[in-house]
Number of protein chains: 2
Amino acid sequence: MYQNKPRMQRMTKQRRVILEILRSTDIHPTADWIYAKAREIIPDISLGTVYRNLGILKAQGEIAELNYGSTYSRYDGNPHPHYHHVCLECGRIADLPMPVRQDLEEEARAKGCGSVLYHRLEFYGLCPQCQRKREKEG
Amino acid sequence: MYQNKPRMQRMTKQRRVILEILRSTDIHPTADWIYAKAREIIPDISLGTVYRNLGILKAQGEIAELNYGSTYSRYDGNPHPHYHHVCLECGRIADLPMPVRQDLEEEARAKGCGSVLYHRLEFYGLCPQCQRKREKEG
DNA sequence: GTAGTTGCAAACTTTTTGCTACCCA
DNA sequence: TGGGTAGCAAAAAGTTTGCAACTAC
């Protein structure tokens, strides 16, 4: 939705350290946490560099970002459980008319990672409009 | 994770309008969009009021907020598809060792809401640590 | 050598909050 | 009438960006 994509990449010390930090933990850290860790190794690394590299690594598919694809929240007037389709092109979010699968929660509970009160499921792809537009443009 | 929860609630004109706007659309709008719509009805409503009421309505379970429960992004060093468990108490995010269900994508595609390239599934509840803590505290 | 990258700092965006006046129950 | 709520504006929090110096290839 917003990202820089230079043509060629360089493996700088900063980028390598950020990637190593991210690969050596499973806590799904925030940019700030990564920044603090990185400073233990490169004391004068800047937060801007951390963000820039996270963006590049994400664009390369080396890492994943856990959010809704945007910096702001969206609100849903329907508080009952249901699934969503999110368009990667225009950001449109649509309700999906498919039944909520309670059996997924059973399966998750069985893994012993804690209690499960509810779940959320989102499908990412192109909405019908953007699909059509892409076909026309080739 | 952060929210105001007054004991008693009043149904003000502002709150009613915000709720009506949210219930009368299916585009899953942002706070700003709701603010613009609300101003057509209550010209001097403020953005702060919109945010405050969205928070209250959410706490009451009248509406839902579509984000990760926090304002910042989290990063995952593992870019391969997998599911997460999010703790509602401490915010911890854990990887779930369960297989990715491609059949869910098939089902979603069949609904005709667009193409589906991948999906995301998160389970919300208490992590083992917070579960134990709650048991001890009664 | 050169184009991508860095640190720094300022800017930007979204959301929260302090305060006083207000108004719903 | 009292306490939750509104508007306003300033602050906070997270993220992005312009720029000159630097560096990996």
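Numbering of residues starts from 1 in every chain and runs along the sequence as written. As a convention, the first chain written is A and the first ligand written is 1, with the rest following in written order. Given that the model is predicted, a residue must reach a pLDDT of at least 70 before its local features are reported, and side-chain atom pairs must reach 80 or more before they are shown or counted; all residues, however, enter totals for whole chains, interfaces and linings. Computation of side-chain values: all heavy atoms of the structure, hydrogens and water removed.

A.B. asks: What should I look at first to understand the overall build of chain A in this one?
C.D. replies: Helix numbering and strand numbering both begin at the N terminus, where a helix is a DSSP run of H or I of at least 4 residues and a strand a DSSP run of E of at least 2. Scanning chain A from N- to C-terminus turns up five helices and five strands. Walking chain A from its N terminus toward its C terminus, one meets helices and strands in the order α-α-α-β-β-β-β-α-β-α. For this measure, only C-alpha atoms enter the radius of gyration; the expected value for a globule follows 2.2 Å times N^0.38, where N is the number of residues. Taken over the C-alpha trace, chain A has a radius of gyration of 19 Å; the compact-globule value for 138 residues is 14 Å, which it surpasses by more than 25%. When its C-alpha atoms are laid out on the principal axes, chain A stretches across 50 × 50 × 25 Å. Here the term buried applies to any residue with accessible area under 20% of the maximum for its type, exposed to any over 50%, and partly exposed to those in between, with areas from a 1.4 Å probe on protein chains only. Within chain A, the proportion of its 138 residues that are buried is 44%. Residues count as neighbours in contact if any of their non-hydrogen atoms are within 4.5 Å of one another. In chain A, the share of contacts with a sequence separation of at least 24, taken over all contacts with a separation of at least 6, comes to 50%. For every accessible area listed, the method is Shrake-Rupley and the probe measures 1.4 Å; residues are considered covered only by the protein chains on display. Total accessible area on chain A is roughly 8000 Å²; 50% of this is exposed by carbon and sulfur atoms. Positive charges come from Lys and Arg alone, negative charges from Asp and Glu alone, with His and the N- and C-terminal ends not counted. By convention, charge coordinates are those of NZ in Lys, CZ in Arg, CG in Asp, or CD in Glu. Distance from the positive charge centre (21 side chains) to the negative charge centre (17 side chains) of chain A: 8 Å.

A.B. asks: Explain the domain arrangement of chain A here, please?
C.D. replies: Reports of interface size often rely on the accessible area that becomes lost once the parts have come together. Residues and elements named next belong to chain A. Domain ranges listed in this record stem from an automatic or a database domain assignment. Annotation of chain A at the domain level lists domain 1 (1-80) and domain 2 (81-138). Averaged C-alpha coordinates put domain 1 and domain 2 at centres separated by 23 Å. As a working definition, buried area equals the accessible area (1.4 Å probe) given up by two parts on being put together, with both sides summed. In total, domain 1 and domain 2 occlude about 740 Å² of area from one another, counting both sides; carbon and sulfur atoms represent 52% of this. Throughout this description, the term salt bridge denotes a Lys or Arg side-chain nitrogen within 4 Å of a carboxyl oxygen of Asp or Glu. Inspection of the region where domain 1 meets domain 2 yields zero salt bridges. A 3.5 Å cut-off defines polar contacts: any pair of N or O atoms within that distance qualifies, except that in protein one atom must be a possible hydrogen donor and the other a possible acceptor, and neighbouring residues in sequence count only when both atoms are side-chain atoms. Our enumeration of links across domain 1 and domain 2 arrives at five residue pairs in polar contact (both at pLDDT 80 or more). Each residue gets one of three labels, nonpolar for Ala, Val, Leu, Ile, Met, Phe, Trp, Tyr, Cys and Pro, charged for Asp, Glu, Lys and Arg, and polar for the others, Gly among them. For the side of domain 1 that touches domain 2, the residue count by class is three nonpolar, three polar and two charged.

A.B. asks: Can you walk me through the relation of the copies chain B and chain A in this structure?
C.D. replies: Both copies of the chain are related through a single rotation about an axis accompanied by a shift along the same axis. The two copies are related by a screw operation: chain B maps onto chain A through 180 degrees of rotation and 0.0 Å of translation along the axis, at an RMSD of 0.1 Å. Expressed as a symmetry operation, the mapping of one chain copy onto the other fits a two-fold axis. Considering only C-alpha atoms, the part of chain B nearest the rotation axis is Leu-121 of chain B, at 2.2 Å. Mapped onto chain A, 100% of the interface residues of chain B again fall at the interface, so both copies present the same surface. Superposition of the copies used a least-squares fit over C-alpha atoms from residues whose pLDDT is at least 70 in both.

A.B. asks: Where do I start with the packing of aromatic side chains in this structure?
C.D. replies: Both the distance between ring centres and the angle between the ring planes are used here to describe each pair of aromatic rings. Aromatic pairing here means that ring centres of Phe, Tyr or Trp (its six-membered ring) are within 6.5 Å. Orientation follows from the plane angle: under 30 degrees is stacked, over 60 is edge-to-face, and everything else is tilted. The full count for this structure, using the stated rule, is two aromatic pairs over all chains. Aromatic side chains Tyr-118 of chain A and Tyr-124 of chain B sit 5.0 Å apart centroid to centroid with 10 degrees between the ring planes, which places their arrangement in the stacked category. Placement of Tyr-118 of chain A in strand E5 (residues 118-125) and of Tyr-124 of chain B in strand E5 (residues 118-125) is noted, with the two residues assigned to different chains. We classify Tyr-124 of chain B as buried; its relative accessible area is 5%.

A.B. asks: Teacher, can you tell me more about the environment of Lys-58 of chain B here?
C.D. replies: Residues and elements named next belong to chain B. Here Lys-58 shows up in helix H3 (residues 47-59). Residues Lys-58 and Ala-31, spaced 27 residues apart in sequence, show a C-alpha to C-alpha distance of 13 Å. In this structure Lys-58 touches Ile-63 and Glu-65, once residues within four positions along its chain are discounted.

A.B. asks: Teacher, can you tell me more about helix H3 (residues 47-60) of chain A here?
C.D. replies: What sets the pattern is the α-helix's 3.6 residues per turn: residues three or four places apart point alike. What a helix should span is 1.5 Å times the count of its residues minus one. Counted at 1.5 Å a residue, the expected span for H3 of chain A with its 14 residues is 20 Å, and the 20 Å between its end C-alpha atoms agrees. Buried within H3 of chain A we find Thr-49, Val-50, Asn-53, Leu-54, Gly-55, Ile-56 and Leu-57 of chain A. Against the buried residues of H3 of chain A lie helix H1 (13-23) and helix H2 (31-41) of chain A together with strand E2 (74-76) of chain B. Phi for Gly-61 of chain A, located one or two positions after H3 of chain A, is positive at around 85 degrees.

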